[in-house]
Amino acid sequence: MTTTLIPAGAKTAATPKHRRERQGPAWVFLSPWVLGAIVLTLLPMAVSLYLSFTDYDLFNPPRWVGLRNYVQMFTEDPRYWRSVTTTLMYVVIAVPLQLALALVVALALKSMKRGKAFYRSAFYAPSLLGASMSIALVWRAIFNDGGTVDNLFGTGGWVNRPGWALIAVALLTVWQFGAPMVIFLAGLQQIPAELYEAAAVDGAGRWRQFLSVTVPMLSPVLFFNLVLQTIQAFQVFTPAFAIGAGKGGPADSTLVYTLYLYDRGFVASHMGYASAMAWVLLIVIGAVTAVLFRTSRSWVFYTSEGDR
């Protein structure tokens, strides 16, 4: 018979009872978040998934119709595909322009010696105000007939021209570049100055330093902003609603996906159809995010890993 001696001070494996006792206080503090996630997120999602297979008009009990909403969406509704095309055009226009402007301003702020805090706050302010309906209505007035843009450039009212209305919506998003700018600025401040000094010794100019030092070192931050702004762009609603007068005009040129979802659900009272649209949007955003993560392996550089 052998006896195993446990050295003094050594930690023993916790029993299930002891683990439950330690986890108890954690669950107490987490309970408000868990309850909110269940009641405000998971339960509504489950109800929405059920409604997507029903015919529901908000006034009568839901009637099960199976896949009819999805079949109608993909094969019988030309406005649905128009909203998909409009949303994709908006994402392609707004996201690159917003990130490019945010990066340019962040680079300018990084090199400033005085007033950095003031300008950083000033450039961030549109991100706080731009999502409001009041700012969107002001934006509509600026690009309307006789508005500021018309008076300065004589281009007419953008919001009344099908080829320009969506650009006006995208520019409102681009104007709200403050949030990605702050993130870019934080990332730029983490790049070691020695890398720029070494590049300058090797004869690299500012443009070569930007391509060979700034972009690789900033690529994780760029990837983060790209994912975040892409997800938000697919869900754009307020600017399109205000500029398109709530109907996606002119000629459905501002009929983005969420606006058409709102129209089907709360204007036409086809809540089952709107729920199906919402789930398709969720799947598409998840797929696009997965593609971005998959492709990031070839261009995002993490210094801790030492590879690209």
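Quick caveat, the model's predicted, so the values are computed rather than measured.

Structural remark: α-helix, 3.6 residues per turn; residues separated by three or four positions point the same way. Counted at 1.5 Å a residue, the expected span for helix H10 (residues 206–234) with its 29 residues is 42 Å, but the 35 Å between its end C-alpha atoms falls short. By the largest-angle criterion, Ser219 marks the main kink of H10, which is about 60 degrees, and a proline, Pro220, follows within four residues.

As a further point, take the pattern of salt bridges. Scanning all chains against the criterion turns up 5 salt bridges. Salt-bridge contacts for Arg82 lead to Asp252; the nearest nitrogen and oxygen are separated by 2.8 Å. On the criterion of sequence distance, the pair formed by Arg82 in helix H3 (residues 78–110) and Asp252 in the loop between helix H11 (238–243) and helix H12 (257–267) is long-range, its members being 170 residues apart. For Asp252, a relative accessible area of 15% corresponds to the buried category. Measuring nitrogen to oxygen at the nearest pair gives 3.0 Å for the salt bridge that ties Asp263 to Arg264. The buried category is assigned to Asp263, whose relative accessible area is 17%. Through salt bridges that share partners, Asp55, Arg63 and Arg68 make up one connected network.

Residues at a pLDDT of 70 or more form 90% of the protein chain, whose mean pLDDT is 86. Element-level mean pLDDT values for the protein chain span from 76 in helix H6 (residues 148–153) up to 95 in helix H13 (residues 271–295).

Here we take up a nonpolar patch on the surface. On the surface, a nonpolar cluster with roughly 670 Å² of combined accessible area is contributed by Leu35, Ile38, Val39, Leu40, Leu42, Met45 and Leu282. No other element matches the 6 residues that helix H1 (residues 16–51) contributes to the nonpolar patch. With respect to the helices, strands and loops of the structure, Leu35 is situated in helix H1.

In this structure, Met73, Tyr80, Tyr90, Phe184, Tyr257 and Met277 are the most contacted members of the largest nonpolar core, which totals 61 residues. The leading source of residues in this core is H3, at 12 residues.

Time to look at the environment of Trp164. Tracing the backbone through its elements, the reader meets Trp164 in the loop between H6 and helix H7 (165–175). A relative accessible area of 34% means that Trp164 is categorised as partly exposed. Separated by 136 residues in the primary sequence, Trp164 and Val28 have C-alpha atoms spaced 54 Å apart.

Packed helices, taken two at a time, are described by the angle their axes make and the gap between the axes. The N-to-C vectors of helix H9 (residues 193–201) and H10 enclose an angle of 160 degrees; their axes lie 10 Å apart at closest approach. Judged by the inter-axis angle, H9 sits roughly antiparallel to H10. Remark: the crossing between H9 and H10 carries right-handed chirality. The segment H9 lies against H10, with Leu195, Tyr196, Ala199 and Ala200 engaging Gln209, Val213, Thr214 and Met217. Grouping the constituent residues of the contact of H9 with H10 by class yields 6 nonpolar, 2 polar and no charged.

It is worth spelling out the environment of Phe223 at this point. Looking at the secondary structure, you find Phe223 in helix H10. Phe223 gets classed as buried once you look at its relative accessible area, which sits at 5%. For the pair Phe223 and Leu99, spaced 124 residues apart in sequence, the C-alpha to C-alpha distance is 10 Å. Contacts of Phe223, omitting those with residues within four sequence positions, involve Leu292, Phe293, Ser296, Trp299, Val300 and Tyr302.

Rules behind the numbers
Residues numbered from 1 in each chain as written. Predicted model: local features only at pLDDT ≥ 70, side-chain atom pairs only at ≥ 80, totals over all residues. Heavy atoms only, no water. Helix = DSSP H or I, 4+ residues; strand = E, 2+ residues; numbered from the N terminus. Expected span 1.5 Å × (residues − 1). Bend = angle between axes of the 7 residues up to and from the residue. Salt bridge = Lys/Arg side-chain N within 4 Å of Asp/Glu carboxyl O. Buried < 20%, exposed > 50% of the residue type's maximum accessible area, 1.4 Å probe, protein only. pLDDT = per-residue confidence, 0-100. Patch = residues over 30% accessible without salt bridge, like charges linked within 9 Å, V, L, I, M, F, W, Y side chains within 5 Å. Areas by Shrake-Rupley, 256 points an atom, 1.4 Å probe, with all protein chains shown as cover. Core = buried A, V, L, I, M, F, W, Y, C linked by side-chain atoms within 4.5 Å. Axes fitted to C-alpha atoms, helices over the stretch in contact; angles between N-to-C directions. Parallel < 35°, antiparallel > 145°, perpendicular 65-115°, else oblique. Left-handed = near helix turned anticlockwise from the far one by under 90°. Contact = heavy atoms within 4.5 Å. Nonpolar A, V, L, I, M, F, W, Y, C, P; charged D, E, K, R; others polar.

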